[in-house]
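Reading the structure
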Amino acid sequence: MRQIPVDTTNATVMVAKAPQPKVKDRRTGEIALDKDGVTLMTVEVMFSTPDEVEILKLTVPQPGVSEDLAMGTPVALTGLVASAWENEFNGQKRHGIAFRAVAVTSLAAAGSTSKAA
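In this report, we go over the structure that sits alongside the text. Only a predicted model underlies this, so the values are computations on that prediction, with no experimental measurement involved. Think of each chain on its own: its residues are numbered from 1, step by step along the sequence as written. For a predicted model such as this one, the threshold for reporting local features is a pLDDT of at least 70, and the threshold for listing and counting side-chain atom pairs is 80 or more; totals across whole chains, interfaces and linings nevertheless cover every residue. The basis for the side-chain values is all heavy atoms of the structure; hydrogens and waters are excluded.

**Some points on a nonpolar patch on the surface**
Patches draw on residues past 30% relative accessible area with no salt bridge. Two like charges within 9 Å are joined, as are two nonpolar side chains (Val, Leu, Ile, Met, Phe, Trp, Tyr) within 5 Å. Accessibility throughout is a Shrake-Rupley quantity obtained with a 1.4 Å probe, and a residue counts as covered only by protein chains that appear here. Criterion for a salt bridge: a side-chain nitrogen of Lys or Arg within 4 Å of a carboxyl oxygen of Asp or Glu. Nonpolar side chains collect at one region of the surface, where V23, I31 and L33 lie side by side and expose about 240 Å² of accessible area between them. One can find I31 in strand β4 (residues 30-31). Strands here mean DSSP runs of E at least two residues long; helices mean DSSP runs of H or I at least four residues long; both are numbered from the N terminus.

**Brief notes about the sheet that holds strand β2 (residues 12-21)**
Two strands form a pair only when DSSP identifies at least two bridges running between them. With mixed pairing, six strands are arranged side by side in an open sheet as β1-β8-β9-β6-β5-β2. Looking at which strands have only one partner, the edges of the open sheet turn out to be β1 (4-5) and β2. Bridging between β1 and strand β8 (residues 81-89) involves two bridges; their strand directions are antiparallel. Each residue of the ladder has a partner; that of I4, found in β8, is A82.

**Quick word on the pairing of strand β6 (residues 53-61)**
Side-chain direction in a regular strand flips from residue to residue, so the side chains alternate between the two faces of the sheet. Bridge analysis of strand β5 (residues 40-48) against β6 gives nine bridges, and the strand direction is antiparallel. Considered in β6, the bridge of E44 is made with K57. Linking β5 back to β6 in an antiparallel pair, the connection comprises four residues. Summarising the sheet, β6 and strand β9 (residues 92-100) pair through two bridges and their orientation is parallel. Bridge pairing in β9 places T59 opposite R100.

**Details of the nonpolar core**
Counting 19 residues, the largest nonpolar core has L58, V75, L77 and V104 as its most contacted members. If you list the elements that add at least two residues to this core, you get β2, β5, β6 and β7 (75-78). Element by element, the count of residues in this core is highest for β5, at four residues. Setting aside residues up to four positions removed in sequence, V104 forms contacts with V43, L58, V60, G64, V65, S66, L69, V75, A76 and L77. Definition of nonpolar core: a set of buried residues of the types Ala, Val, Leu, Ile, Met, Phe, Trp, Tyr and Cys, connected through side-chain atoms within 4.5 Å. Burial classification: accessible surface area is computed with a 1.4 Å probe over protein chains only, and a residue below 20% of its type maximum counts as buried, one above 50% as exposed, and the rest as partly exposed. Pairs of residues are marked as contacts when any of their non-hydrogen atoms sit within 4.5 Å.

Structure below.
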């Protein structure tokens, strides 16, 4: 699947919902792991550009998630990419865009502005 890099240069990014383990199977509660066995986390962020504001749900490997991420924390996103997805479940086709980042790092401790790097 093609991954498209997302430019965060002119974006302000803040945590919208604290990180949580990504659930692979809602019925069993199984947590999602990457190909190396690392736990994947879900982090929702407010991604604001001069033209619009969106809430993005990111998948991030657990080691790439700062420990001090609370709602409203300004963050930098490292290696943010978007990938189109499509699946069929019970005869219903669904599609969307998935976002993945290598790291979500708090900018609050650094005393930086809320601009993402």
